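# Summary of structural features
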Amino acid sequence: MIVVSACLVGEKCRYDGNSNRCEAVVQLVQKGEALPVCPEELGGLSTPRDPAEIVDGRVITRTGNDVTKQFEEGARLAVEKALTAGCTEAIVKQRSPSCGCGRIYDGSFTGRLIEGDGFFTRLLKEHNIEVLTEEDI
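Residues numbered from 1 in each chain as written. Predicted model: local features only at pLDDT ≥ 70, side-chain atom pairs only at ≥ 80, totals over all residues. Heavy atoms only, no water.

By size, the foremost hydrophobic cluster in this structure holds 24 residues, and its most contacted members are Val3, Val59, Phe71, Ala90, Val92, Phe120 and Leu124. Those elements giving two or more residues to this core turn out to be β3 (52–55), α3 (68–84), β5 (89–92) and α4 (119–126). With 5 residues, the top contributor of residues to this core is α3. Excluding anything up to four places from it in sequence, leucine 124 contacts Val3, Val79, Ala90, Val92, Ile129 and Val131. Counting 13 residues, the second-largest nonpolar core is a separate cluster that includes Ile2, Val4, Cys7 and Val25. (Core = buried A, V, L, I, M, F, W, Y, C linked by side-chain atoms within 4.5 Å. Buried < 20%, exposed > 50% of the residue type's maximum accessible area, 1.4 Å probe, protein only. Helix = DSSP H or I, 4+ residues; strand = E, 2+ residues; numbered from the N terminus. Contact = heavy atoms within 4.5 Å.)

A separate point is helix α1 (residues 23–30). If you check which residues of α1 are buried, you get Val25, Val26 and Leu28. End-on, the buried residues of α1 take up no more than an arc of 160°, which puts them together on one face. Where the residues of α1 are buried, they touch β1 (2–5), β2 (34–37) and β5. (Arc of directions from axis to C-beta.)

Its place among the elements puts serine 98 in the loop between β5 and β6 (103–105). C-alpha of serine 98 to C-alpha of arginine 21: the two residues are 77 residues apart in sequence and 17 Å apart in space. Beyond its immediate chain neighbours, meaning those up to four positions away, serine 98 contacts Pro39, Glu40, Phe71, Gly118, Phe119, Phe120 and Thr121.

Attention now goes to the packing of aromatic side chains. Any pair of aromatic rings gets described here by the distance separating the centres and the angle formed by the planes. Scanning the model with the defined rule gives 1 aromatic pair in all. Summarising the aromatic geometry, the rings of phenylalanine 71 and phenylalanine 119 are spaced 6.4 Å apart at their centres and angled 70° between planes, so their arrangement reads as edge-to-face. Here phenylalanine 71, found in helix α3, pairs with phenylalanine 119, found in helix α4; they are 48 residues apart in sequence, far enough to count as distant. Like phenylalanine 119, phenylalanine 71 is buried. Positioned above the aromatic ring of phenylalanine 119 is the side chain of arginine 122, whose terminal nitrogen or guanidinium carbon lies 4.4 Å from the ring centre. (Phe/Tyr/Trp six-rings, centres within 6.5 Å; stacked < 30°, edge-to-face > 60°. Lys NZ or Arg CZ within 6 Å of the ring centre and 35° of its normal.)

Structure, rendered in structure tokens:
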């Protein structure tokens, strides 16, 4: 079983109320091989919501609100669901402060990328779940 970012399945759970539908991921879910989760919604954040980026280890919205606790809780709940379902792999949305893998936005809200992982991805890796992005498939 594979845990996947819900936005990749076409769920409109992105910060702006849209999705990042990826047909390859949709097919995995349709075959019953993947479990979609949105850590940000699981953490209690609404959709749509202010864009957020990681700044000095905290998740800060463009308007300056600290939503780190929601990101931490969402990541914890999403990993719990993945482990309960027996997931050993993940496909996540690149660059997100939750799901980014290897590259995330730098916290300046200018689109500049830096090395790093989102909160959900870090926790997946801590639980030895192999993480890929939609760009890898």
